[in-house]
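Below are the chains, spelled out letter by letter.
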Amino acid sequence: MSQKLVVVIGAGVVGASVALSLQRDGHNVTVIDRSGPAAGASFGNAGAIVNGSCAPTAMPGIVRDVLRMMLRPLPPLSIRAAYLPRILPWLLRFAAASRRSRVNQIATDLHALTATAVEAWRELSKGTSLDALLATGGWLKVYETEASFTATATARELLDAAGTPYELLAAGDIQDLEPHLAPIYRRAIWQSDGLRIVNPGRMVEEMVRLLAAGGGIFQLGDVSAVEPDADGASVRLTDGATLRADRVVVAAGAWSRPLAQALGDRIPLDTERGYHLMLPAGTEALLGRTVLNADHSFVLSPMETGLRMTSQVELAGVEAPPDYRRIRSLLPLAKRMLPAVDASEASVWMGCRPSLPDSLPVIGRCGRSPNVIYAFGHQHLGMTLGPVTGRLIADLVAGRSPRLDLSPYRPDRW
Ligand SMILES: Cc1cc2nc3c(=O)[nH]c(=O)nc-3n(C[C@H](O)[C@H](O)[C@H](O)COP(=O)(O)OP(=O)(O)OC[C@H]3O[C@@H](n4cnc5c(N)ncnc54)[C@H](O)[C@@H]3O)c2cc1C
């Protein structure tokens, strides 16, 4: 295989994973980011690596559920009125993707990626400093009422059809597993083979540091355009500078759409914004794994610096200022869930999940030129799928037949 000069745009988990995979294949890699490593969604997420995850965001009945949710004062899913006209075409595609026949196919295509998530993270981290930032424990979803558990029937059918292992737990088992949880949860679903990243921001910084230690380059720069030609592509920066490469990978998360559009690919990428609130240092000792409070749609993740509460899907575009009211409103519910917790705010954050209406990422070549490759749109599963995506992009750059059929993720599927 010939050694290539590759520029990766974006130093989130996807760009950093792609860069490390390419470097391991022997290529010369430069990662460029306008704000530094882990400046986007990869900084403040819940850090769960959910092996075999396959339920898309748009599940059957989602339209009815969203309308019902909107009646609540601070709903877990919100649409800013000013953004509604911009997001409407995305929402119509999202609603269309929630048909049962589509959901079954999307679940199959998501599972094809997530089935090897843990293996890909283990392969990437083995023998490196990344290993210390991975912990076991899996992904536990807890349900207070029988009704909220029953509402997961379709999601469980999808897991069963995909062959994703999980355990159903009753009240006593939940207490045994997580003794600090209030004894109010009647049911739980536990995917025990998942991993968790104890500091997602530090993980991505460490990945970029490893790249540099191996001879790769990290460069600060704001990319305004990618211009392919017969031999490779030029990356133009807003300060007037240009970088030449044999291949360019666009991994700019929720900001990838204008770069692809200028290349002639109209991809309906938008953002589902999400929030976190850090509880004080020491609170992380109260949980042994990532726990989803399904009744109130928030996650508590034990991080190295305290418990992290994450929540919300906010459709407001990448520009609107954050609104921390909803995440703050969840503090009493965190206390109800974990009575021993110090439920005070250490810090808050907002990040932009890069999302396509069909819950699948874009992984494939630009329509105009095989020298430009896309890797974005990993929605709620970017931390899970970073290394899986890195391996697939390395296959494309090497000209190898990819280890998966990439047609479900192709950029021209709309
Ligand atoms: C609240 C919340 C909780 C989540 N929890 C989980 C979870 O538990 N598990 C999971 O798997 N996923 C989770 N996710 C999703 C996950 O965080 C994202 O899918 C993932 O971080 C996306 O990574 P990325 O590299 O594509 O994008 P980003 O991390 O957003 O990185 C994109 C980078 O591109 C740079 N960039 C953009 N435009 C340009 C440009 N023109 N020039 C140069 N640089 C540019 C940005 O500065 C940024 O650093 C969560 C997300 C949120 C918001």
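Asker: Just to check I follow, could you spell out the overall build of the protein for this structure?
Answerer: Along its length, the protein carries 13 helices and 21 strands. Here the C-alpha atoms of the protein give a radius of gyration of 21 Å, agreeing with the 22 Å that 2.2 N^0.38 yields for 414 residues. The long-range fraction of contacts in the protein, counting pairs at least 24 apart against all pairs at least 6 apart in sequence, stands at 75%. Here the protein displays about 16,200 Å² of accessible surface, and carbon together with sulfur accounts for 54% of that area.

Asker: Even after reading the chapter, I still don't get the layout of surface pockets, so can you show me in this structure?
Answerer: There is about 470 Å³ of room inside the second largest pocket. Taken together, 21 residues form the lining of the second largest pocket, with Y83, R86, R257, L269 and D270 sitting closest to its centre. Put simply, the parts of the chain that give the lining of the second largest pocket at least two residues each are α3 (84-97), α10 (257-262) and β15 (270-278). In terms of residues, the lining of the second largest pocket owes the most to one element, α3, which gives four residues. Of the residues contributing to the lining of the second largest pocket, the split by class is 12 nonpolar, three polar and six charged.

Asker: Could you clarify how one ought to interpret the site of the ligand in this entry?
Answerer: For the ligand, the set of nearby residues contains 34 residues, the closest of which are D33, S42, A48, Q379 and T384. With respect to the ligand, the backbone of G382 contributes an N or O atom lying 3.0 Å from an oxygen atom. Here an oxygen atom of the ligand sits 3.0 Å away from a polar atom, N or O, in the main chain of M383. Here the ligand loses 97% of its free accessible area of 1,000 Å² to cover by the protein chains. Among the residues forming the shell around the ligand, the class breakdown is 13 nonpolar, 17 polar and four charged.

Asker: Would you take a moment to explain the pattern of salt bridges for this structure?
Answerer: Two side chains of opposite charge can pair, provided their charged atoms sit close to one another. In the structure shown here, the tally under the stated rule is 23 salt bridges. The residue D229 makes a salt bridge to R244 at a minimum N-O spacing of 2.6 Å. Placement of D229 in the loop between β11 (223-228) and β12 (233-237) and of R244 in strand β13 (residues 242-245) is noted, with a sequence separation of 15 residues between them. By relative accessible area, which is 33% here, D229 ends up partly exposed.

Asker: Teacher, can you tell me more about the nonpolar core here?
Answerer: In summary, soluble globular proteins display a tendency toward joint burial of nonpolar side chains. Judged by nonpolar contacts, the single largest core of 64 residues is most densely connected at V8, L22, I49, W121, M203, M207 and I393. Per-element accounting of this core gives the leading share, eight residues, to helix α13 (residues 382-398). The contacts of V8, once residues within four sequence positions are left out, are G15, V18, A19, L22, V29, T30, V31, I32, V249 and A251. Residues L277, L307, I327 and L330 belong to the second largest nonpolar core, which totals 28 residues.

Asker: I'm lost on the sheet that holds strand β3 (residues 48-49) in this one. Help?
Answerer: Picture the strands of a sheet paired through backbone hydrogen bonds; they go either parallel or antiparallel. Taken together, three strands build an open sheet; the order of strands is β3-β9-β5 and the sheet is antiparallel. Every other strand in the sheet has two partners, leaving β3 and β5 (134-135) as the edge strands with one partner each. Relative to strand β9 (residues 195-197), β3 runs antiparallel, the two sharing two bridges. What sits directly across from I49, in β9, is L195.

Asker: Which parts of the structure should I look at to understand the pairing of strand β2 (residues 28-33)?
Answerer: Remark: a regular strand shows side chains that alternate across the two faces of the sheet. Burial within β2 is extensive, with five of its six residues counted as buried. Of the strand pairs in this sheet, strand β1 (residues 5-9) and β2 are connected by five bridges, and their pairing is parallel. Within β2, the position partnered with V8 by the bridge is V31. Viewed along the sheet, the connection from β1 through helix α1 (residues 13-24) into β2 turns out right-handed. Taken together, the four bridges between β2 and strand β10 (residues 217-220) define a ladder with parallel strand orientation. In the sheet register, I32 faces β10, and the bridge partner there is Q219.

What counts, and where the lines are drawn
Residues numbered from 1 in each chain as written. Predicted model: local features only at pLDDT ≥ 70, side-chain atom pairs only at ≥ 80, totals over all residues. Heavy atoms only, no water. Helix = DSSP H or I, 4+ residues; strand = E, 2+ residues; numbered from the N terminus. Rg over C-alpha atoms; globule rule 2.2 N^0.38 Å. Contact = heavy atoms within 4.5 Å. Areas by Shrake-Rupley, 256 points an atom, 1.4 Å probe, with all protein chains shown as cover. 1 Å grid on protein atoms, 1.4 Å probe; cavity = no way out; pocket = protein on both sides within 12 Å on 5 of 7 lines; lining within 4 Å. Points joined across faces, edges and corners; volume = space filled by probe spheres on them. Nonpolar A, V, L, I, M, F, W, Y, C, P; charged D, E, K, R; others polar. Near = heavy atom within 4 Å. Polar contact = N/O pair within 3.5 Å; in protein donor to acceptor, adjacent residues only side chain to side chain. Salt bridge = Lys/Arg side-chain N within 4 Å of Asp/Glu carboxyl O. Buried < 20%, exposed > 50% of the residue type's maximum accessible area, 1.4 Å probe, protein only. Core = buried A, V, L, I, M, F, W, Y, C linked by side-chain atoms within 4.5 Å. Pairing = 2+ DSSP bridges. Right-handed = clockwise from strand over helix to strand, strands pointing away.

Keep in mind these numbers describe shape, not what the thing actually does.
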